[in-house]
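# Remarks on the overall topology
Here is what each chain is made of, one letter per residue.
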Amino acid sequence: MPEMVGDWRRLWGISAYRLLITAVIAVLLHLPASETIIDLGGHVTLLRVLTLVAAAVSLGYLLALLLRWPVQPRRHAWIQVSTDTLLVLLLLYFGGGVSGPFSILPFLLLVSTASLLRGKSAFVFVWILLTLLVGEPLLGGMTTVHPPLGQLFIYILALVAVAVLADSLVISLERGNRLALQRDAEVVNLNALNREIVQHMDVGVFVLDRQNRVILSNPIARTLSGYRLWTSAPADLDLVQPQLASALQQPAQGDGEMVITLGGRDPTLQDGAQTLLVRNIALPRSPYRLLLLRDASALRAREREAQLAALGRLAANIAHEIRNPLSVIRHAGNLLGERVENPDSRHLFEILERETVRINAIVESVLEMARPSPAHSEPIPLANWLQVLIAQLQADPLLAPMTIVVWEIPPQLQVYADPAQLRQVFWNLLHNSAQYGVTEEDATMRVEIETVHADKETVMVTLRDFGSGVHPEVMERIFEPFFTTNSQGTGLGLSMVRELLRINGGRIDCENHPQGGVLFRIFLPCWCLEGEE
């Protein structure tokens, strides 16, 4: 399709030039003093009529081209070349031959023929023209004053050279045009590919121009910036993210990374503060530069998870190696304890028994964290299930003195989870409250449990204790494996809670309650009967 459009443009251009040339010649021949300007011999009247006919033919043919009739560009090319050849030969014949004022026209004809037909088809007209030029003096045609043979030979040689050069030039131009079109298509495809890559990168990308305007961005960058008024037009970075623009204006900021804390006071920004890790990259020999944006907290969380995963695998291997010799030590201690009658010595064996049991519990917890069993989920009616569970758990000596209040739960409210794993979740949370949620004034333990619909597909269970709360620096690491503030604890309880909920399609978060104590929110998939809201 682009090649056909190029053919039509070439036809229009040559037709317009033909009309211009014939019009100039016609005007020149019709001037009062034309015979003194141009030596036309005795054919002035005939040449004047001929130039007017040529101008009219050129004008009519240009109109036919504008209407694209006939529709094949190649047929138009043959018609144009044939018409031009006939007109040039007539003008040359009646205008004095190669010694007359129209001797330049064959050269223009060769150039237009090479442009329209190219290759062997163009040279057909060249040889026709040369044959007529050579044969004309022998037949006594064009003029009574024939040029010397040397002049005629040089004229014919010049025609051949012009034909060859014109054909080579046209071929080179077409090859250059094809390469340019190919390069343009490649550039367009490459730009589209680059935009697609940028849009799907997991790093935020801003492309800035010299005026610090964002001319290209991807969804992650737009989300991280918090700007809500995005359009297809370039946007000033001062409006998109003032803190980022201010940081880039610092004289010390060149290529490199910087940490920026974003605020939420601007009405066009999302609420809350966020920390971004920004890399500023200047593109050499380009008016643009790149800003790569990453959520610093999310990046640290991923790094922490990778470290914890490696630590968990290491701990699991160590625990597996410890369990067997630990069983041997415990069995040997029991055998020795049966042979000792001294009460003081038996007390030492009781300590040995208690600590080996504790170590074994740690080993079992580590193995369970490293290789959790899949969830066997089923609908659980929380109203009855929680009452039965609380009664069972309070048989535990540590939980027996705890006051557990379960607020009224709608009978139809059900969650979809593994009952055994959900039981482990509540057991760990209540044990955590028993250790850290004791009221400082009267040393009592109280936990309140409330269950509501978070949305149509999720149930939220809240568990609150009335202790002293958690320090902010501890809150950030509360679900990390092996992190604990208790010298007697393992640091695995809450991390196991999070893992078990993840397996069941749920999650958990934690915060200090404004009125004291810690509030855990558990989100679980809802099991809704058909027709229920």
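Here is what the cut-offs are and how they apply
Residues numbered from 1 in each chain as written. Predicted model: local features only at pLDDT ≥ 70, side-chain atom pairs only at ≥ 80, totals over all residues. Heavy atoms only, no water. Axes fitted to C-alpha atoms, helices over the stretch in contact; angles between N-to-C directions. Helix = DSSP H or I, 4+ residues; strand = E, 2+ residues; numbered from the N terminus. Parallel < 35°, antiparallel > 145°, perpendicular 65-115°, else oblique. Left-handed = near helix turned anticlockwise from the far one by under 90°. Contact = heavy atoms within 4.5 Å. Nonpolar A, V, L, I, M, F, W, Y, C, P; charged D, E, K, R; others polar. UniProt positions renumbered as here; feature names shortened; annotations may be inferred. Salt bridge = Lys/Arg side-chain N within 4 Å of Asp/Glu carboxyl O. Buried < 20%, exposed > 50% of the residue type's maximum accessible area, 1.4 Å probe, protein only. Pairing = 2+ DSSP bridges. Core = buried A, V, L, I, M, F, W, Y, C linked by side-chain atoms within 4.5 Å. pLDDT = per-residue confidence, 0-100. Polar contact = N/O pair within 3.5 Å; in protein donor to acceptor, adjacent residues only side chain to side chain. Phe/Tyr/Trp six-rings, centres within 6.5 Å; stacked < 30°, edge-to-face > 60°. Lys NZ or Arg CZ within 6 Å of the ring centre and 35° of its normal. Expected span 1.5 Å × (residues − 1).

### A few points about the packing of helix α13 (residues 382–393) against helix α14 (residues 419–436)
The interhelical angle for the contact between α13 and α14, taken along N-to-C directions, is 55 degrees, at an axis separation of 11 Å. With respect to their mutual orientation, α13 and α14 come out oblique. You can see that α13 and α14 cross each other, and the crossing is right-handed. Every residue of α14 that contacts α13 at Trp385, Leu386, Leu389, Ile390, Gln392 and Leu393 is listed here: Pro419, Leu422, Arg423, Phe426, Trp427 and Leu430. Of the residues in the contact of α13 with α14, the class split is 10 nonpolar, 1 polar and 1 charged.

### Considering the UniProt feature "transmembrane region" (unreviewed entry) in the protein
Residues annotated in UniProt with the feature "transmembrane region" (unreviewed entry) correspond here to residues 12–33, 45–67, 87–110, 122–140 and 152–173. Annotation note: span residues 87–110, helix share 58%, strand share 0%, distance between end C-alpha atoms 13 Å.

### Side note on the pattern of salt bridges
A pair can form between side chains of opposite charge whenever their charged atoms are brought close. According to the stated counting rule, one finds 6 salt bridges in the structure shown. Across the salt bridge formed by Asp209 and Arg213, the nearest N and O atoms sit 2.8 Å from each other. Between Arg521 and Glu511 there is a salt bridge, and its shortest N-O distance comes to 2.9 Å. Highlighted residues: Arg521 in strand β13 (residues 518–525) and Glu511 in strand β12 (residues 507–512), separated in sequence by 10 residues.

### A closer look at unusual backbone geometry
You will see that Asn212, though not glycine, has its phi angle at about 60 degrees, which is positive. Looking at Asn212, the relative accessible area reads 17%, which means it is buried. Within the chain, Arg285 stands out as a residue other than glycine whose phi angle is a positive 55 degrees. You can call Arg285 exposed: its relative accessible area is 85%.

### Overview of the pairing of β12
Pairing between β12 and β13: 6 bridges, direction antiparallel. The residue bridging Cys510 from the neighbouring strand is Phe520, located in β13. Connecting the antiparallel pair β12 and β13 is a turn made up of 5 residues, with Gly516 showing a positive phi of about 110 degrees.

### Quick look at the nonpolar core
When a protein is soluble and globular, its nonpolar side chains tend to lie buried together. Within the largest apolar cluster, 42 residues are counted, with the highest numbers of intra-cluster contacts made by Leu422, Phe426, Leu429, Phe520 and Ile522. Beyond its immediate stretch of four places on either side in the chain, Leu422 contacts Ile380, Trp385, Val415, Ala417 and Leu524. Of all hydrophobic cores here, the second largest spans 22 residues; its members include Ile25, Leu47, Leu89 and Tyr155.

### Some remarks on the packing of helix α5 (residues 105–116) against helix α7 (residues 149–199)
Where α5 meets α7, the closest approach of the two axes is 9 Å, and the angle between their N-to-C directions is 25 degrees. Compared by their axis directions, α5 and α7 come out roughly parallel. As α5 packs across α7, the resulting crossing turns out to be right-handed. Where α5 approaches α7, its residues Pro106, Phe107, Leu110, Val111, Ala114 and Ser115 are matched on the opposing element by Tyr155, Ala158, Leu159, Val162, Ala163, Ala166, Asp167 and Val170. Here the contact of α5 with α7 is built from residues that sort into 12 nonpolar, 1 polar and 1 charged.

### Structural notes on the confidence of the model for the protein
With 80% of its residues at a pLDDT of 70 or more, the protein shows a mean pLDDT of 76. Predicted confidence for residues 264–272 stays below pLDDT 50, and this span has 24 contacts to residues more than four positions away or in other chains.

### Concerning the side chain of Asp209
Following the sequence through the fold, Asp209 ends up in the loop between β1 (204–208) and β2 (213–217). Taking the relative accessible area as the measure of exposure, Asp209 reaches 7% and is therefore buried. Among the polar contacts listed, one links the side chain of Asp209 to the backbone nitrogen of Gln211, at a separation of 3.1 Å. Among the polar contacts made by the side chain of Asp209, one reaches the side chain of Arg213 at a distance of 2.8 Å.

### Observations regarding the packing of aromatic side chains
For the coordinates displayed, the defined rule picks out 4 aromatic pairs. Pairing Tyr227 with Trp230 gives two aromatic rings, centres 5.3 Å apart and planes at 90 degrees, and the pair type is edge-to-face. What makes Tyr227 buried here is its relative accessible area of 11%. Residue classification places Trp230 among the partly exposed residues on the basis of a relative accessible area of 23%. Clustering of aromatic rings is evident, with ring pairs tying together Phe206, Tyr227 and Trp230. Taking the ring centre of Phe523 as reference, the NZ or CZ of Arg507 above it sits at 3.9 Å.

### Topic: the environment of Thr85
The residue Thr85 is located in helix α4 (residues 73–94) in this model. Accessibility expressed as a relative area gives 7% for Thr85, which makes it buried. Sequence spacing of Thr85 and Thr113 is 28 residues, and the spatial spacing of their C-alpha atoms is 9.2 Å.

### Here's the deal with the pairing of strand β6 (residues 289–295)
Residues in a regular strand project their side chains so that they alternate between the two faces of the sheet. When β1 meets β6, the two strands line up antiparallel, connected through 5 bridges. Looking across to β6, one finds that Gly204 is bridged to Leu293. Two strands pair when backbone bridges link them, and strand β5 (residues 274–282) and β6 are joined in this way by 7 bridges, in the antiparallel orientation. The partner of Leu276 across the bridge, within β6, is Asp295.

### Here's the deal with α14
The end-to-end C-alpha distance of α14, which contains 18 residues, comes to 26 Å, matching closely the 26 Å that a straight helix rising 1.5 Å per residue would cover. Of the positions making up α14, those classed as buried are Gln421, Leu422, Val425, Phe426, Asn428, Leu429, Leu430, His431, Asn432, Ser433 and Ala434. Two or three places before Ala420, at the start of α14, stands the capping residue Asp418, its side-chain oxygen 3.0 Å from that residue's backbone nitrogen.

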